[in-house]
Amino acid sequence: MSADATPDQIADVLALLREIGLDPVIGEFAGATLVITEAAAAPEVAFAVETAAGVDRLVMVSGAQQLTGRDFCPADSRVEVGGPDGAVFGGDGFVVIAGPCAVESQSQMNGVVDSVVAAGAAMLRGGAFKPRTSPYSFQGLGVAGLALLAEQRSRTGLPVVTEVVTPQDVERVAEESDMLQIGTRNMQNFALLREAGTSGRPVLLKRGMAATIEEWLLAAEYLMHMGNGDVVLCERGIRSFDRSTRFTLDLSAVAEAKRLTHLPVIVDPSHSTGRPHLVGPMSLAAAACGADGLLIDVHTDAQAALCDGAQALSGAQFTELMDRLRPVAEAVGRTLWQPRAHGLTRV
């Protein structure tokens, strides 16, 4: 629909589609209202829809990848997180998200956030809910962790992203964060994808550890089909036979995904390598191969971390990485995204 389409015009198009037996879904993308159907209409019906008042254009796409593909949107899309003073994925900006894998305490969050903000991070990360392989591993602080994250957002002005693991938690997590993360173990949790797609929040979708690129993009299709056009893909490594690293970081998937989709793609060098000494080189490589940003684990006391401390950078290591990252990003026509306004207040 055109940007100035009226509610009555949108309702008329919906009624027209329902009359012919289609089940349209309303969504938004790039400031315009989308009317999405799963099946194509006959040529005469398609003409009636295309010429209806308020319709900007009709896109007929074959295959399963209808909304995430470049046939629907040839140009790279941009995803804004945290409002006008937040971060924008896509375009010339390169967004670095940093923070601990898991929220543990107020003092831990203060220390980590102080260091990553000083180094120039554009967004904060931290897990309040942690799906773990072992039921005996630390599972996160839950709602209490969300409150600590919201506290850091308030004192810094930076947007935060955190993982949601069940459909029932989507509304609560969306209230306390600026972006929802769907992790590798939940990439094909279709009930969760549908709920996150109606949350009104941007979604960071990690690639499943055993997922093909096509499966990854079709998971994003679920989100967009439910009306959420603000999706950022995250390559976080796939399982392989080599035990030298935690996973195998597939940077070729970044270039291939950006060929196939208009959605921004970022890289998680922490979970993929599981080794602090590899996070730096892989971050530079990610910037060089065309990624739109990074998701990096930072902890002030990695040895005492309750979750994934073995892969976390110290504050000093993160600062050094940011200094090394700037010229690489600039060499490929990108600039590190800088927060428009932020300030630290002690809590």
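Refer to the structure printed above.
Computed from a predicted structure; not experimentally measured. (Residues numbered from 1 in each chain as written. Predicted model: local features only at pLDDT ≥ 70, side-chain atom pairs only at ≥ 80, totals over all residues. Heavy atoms only, no water.)

Student: Would you explain the overall build of the protein in this entry?
Tutor: Tallying secondary structure elements over the protein gives eleven helices and 13 strands in all. C-alpha extents for the protein along the principal axes are approximately 65 × 40 × 40 Å. Burial analysis of the protein (347 residues in total) assigns 53% to the buried set. The long-range share in the protein, meaning contacts at least 24 apart out of those at least 6 apart in sequence, stands at 68%. When the accessible surface of the protein is totalled, it reaches about 14600 Å², and 52% of it is carbon and sulfur. Put simply, the protein has 27 plus and 41 minus side-chain charges, and the middle of one group is 9 Å from the middle of the other. (Helix = DSSP H or I, 4+ residues; strand = E, 2+ residues; numbered from the N terminus. Buried < 20%, exposed > 50% of the residue type's maximum accessible area, 1.4 Å probe, protein only. Contact = heavy atoms within 4.5 Å. Areas by Shrake-Rupley, 256 points an atom, 1.4 Å probe, with all protein chains shown as cover. Lys, Arg positive; Asp, Glu negative; His and termini not counted. Charge placed at Lys NZ, Arg CZ, Asp CG, Glu CD.)

Student: Where do I start with the packing of aromatic side chains in this structure?
Tutor: In this description, an aromatic ring pair is defined by two values, namely the gap between the centres and the angle between the planes. Across all of its chains, the model carries two aromatic pairs by this definition. Taken together, a centroid distance of 5.4 Å and an interplanar angle of 55 degrees make the contact between F29 and F72 tilted. Linking F29 in strand β1 (residues 25-29) with F72 in the loop between α2 (43-50) and β3 (79-81), this pair joins segments that are 43 residues apart in sequence. For F72, a relative accessible area of 9% translates into the label buried. Between the NZ or CZ atom of R57 and the centre of the ring of F72, over which it lies, the distance is 5.9 Å. Over the ring of F247 we find R236; its NZ or CZ atom is 4.3 Å from the centre of that ring. (Phe/Tyr/Trp six-rings, centres within 6.5 Å; stacked < 30°, edge-to-face > 60°. Lys NZ or Arg CZ within 6 Å of the ring centre and 35° of its normal.)

Student: In this structure, what is going on with α2? I would like to understand it.
Tutor: For an α-helix, 3.6 residues make a turn, and residues three or four places apart therefore share a direction. Taken together, the buried positions of α2 are V45, A46 and V49. Down the axis of α2, the buried side of the element spans an arc of 100 degrees, and every buried residue falls inside it. Within α2, the exposed residues directed more than 90 degrees away from the buried face are P43, E44 and F47. (Arc of directions from axis to C-beta.)

Student: So what exactly am I meant to see when it comes to the side chain of S115 here?
Tutor: Mapped onto the fold, S115 is located in helix α3 (residues 106-119). A polar contact of 2.7 Å, which involves the side chain of S115, links it to the backbone oxygen of V112. (Polar contact = N/O pair within 3.5 Å; in protein donor to acceptor, adjacent residues only side chain to side chain.)

Student: Looking at this model, I keep getting lost on the environment of L249. Mind explaining?
Tutor: Relative to the assigned elements, L249 resides in the loop between β10 (231-235) and α8 (251-260). Once the C-alpha coordinates of L249 and D56 are considered, the two residues, 193 residues apart in sequence, prove to be 41 Å apart.

Student: Sorry, what's going on with the pattern of salt bridges here?
Tutor: Proximity of charged atoms lets side chains of opposite charge pair with each other. A full pass over the atoms with the stated rule returns eleven salt bridges. Note that D76 is salt-bridged to R70, the shortest N-O span being 2.5 Å. A relative accessible area of 22% means that R70 is categorised as partly exposed. A salt bridge links R155 to D114; its shortest N-O distance comes to 2.7 Å. Here D114 lies in helix α3 and R155 lies in helix α4 (residues 143-156), a separation of 41 residues in the sequence. Looking at R155, the relative accessible area reads 3%, which means it is buried. (Salt bridge = Lys/Arg side-chain N within 4 Å of Asp/Glu carboxyl O.)

Student: What should I look at first to understand the nonpolar core in this one?
Tutor: Ranked by size, the top nonpolar core spans 71 residues in total, and within it V116, I182, L205, I296, F318 and L325 carry the most contacts. Sequence-distant contacts of F318, that is, excluding residues within four places in its chain, are made with V96, A98, V116, A119, A121, I296, V298 and L313. Of all hydrophobic cores here, the second largest spans 17 residues; its members include V81, A87, A122 and V161. (Core = buried A, V, L, I, M, F, W, Y, C linked by side-chain atoms within 4.5 Å.)

Student: Whenever I open this one, α3 confuses me. Can you help?
Tutor: Helix length check: α3, at 14 residues, gives a terminal C-alpha distance of 20 Å against a target of 20 Å (1.5 Å per residue), a fit within 8%. Of the positions making up α3, those classed as buried are Q108, M109, N110, V112, V113, S115, V116, V117 and A119. Directly after α3, the chain includes G120, whose backbone phi takes a positive value near 110 degrees. (Expected span 1.5 Å × (residues − 1).)

Student: Which parts of the structure should I look at to understand the pairing of strand β7 (residues 160-163)?
Tutor: Consecutive side chains along a regular strand alternate between the two faces of the sheet. The two faces of β7 match: V160 and T162 on one face and V161 and E163 on the other face are all buried. Two strands pair when backbone bridges link them, and strand β6 (residues 123-125) and β7 are joined in this way by two bridges, in the parallel orientation. Across the sheet, residue R125 finds its bridge partner in β7, namely V161. The pairing of β7 with strand β8 (residues 179-182) spans three bridges and is parallel. Directly across from T162, in β8, lies its bridge partner L180. Each parallel crossover has a hand, and for β7 linked through helix α5 (residues 170-176) to β8 it is right-handed. (Pairing = 2+ DSSP bridges. Right-handed = clockwise from strand over helix to strand, strands pointing away.)

Student: When you look at the environment of T245 in this model, what are you seeing that I'm missing?
Tutor: Structurally, the position occupied by T245 is in the loop between β10 and α8. For T245 and H271, which are 26 residues apart along the polypeptide, the C-alpha to C-alpha distance reads 9.6 Å. With residues up to four places along the chain from it excluded, the contact list for T245 reads S272, T273, R275 and L278. Within the structure, the side chain of T245 is placed 2.6 Å from the backbone oxygen of F247, a separation counted as a polar contact.

It is worth stressing that arrangement in space is one thing and function is another; only the former is reported here.
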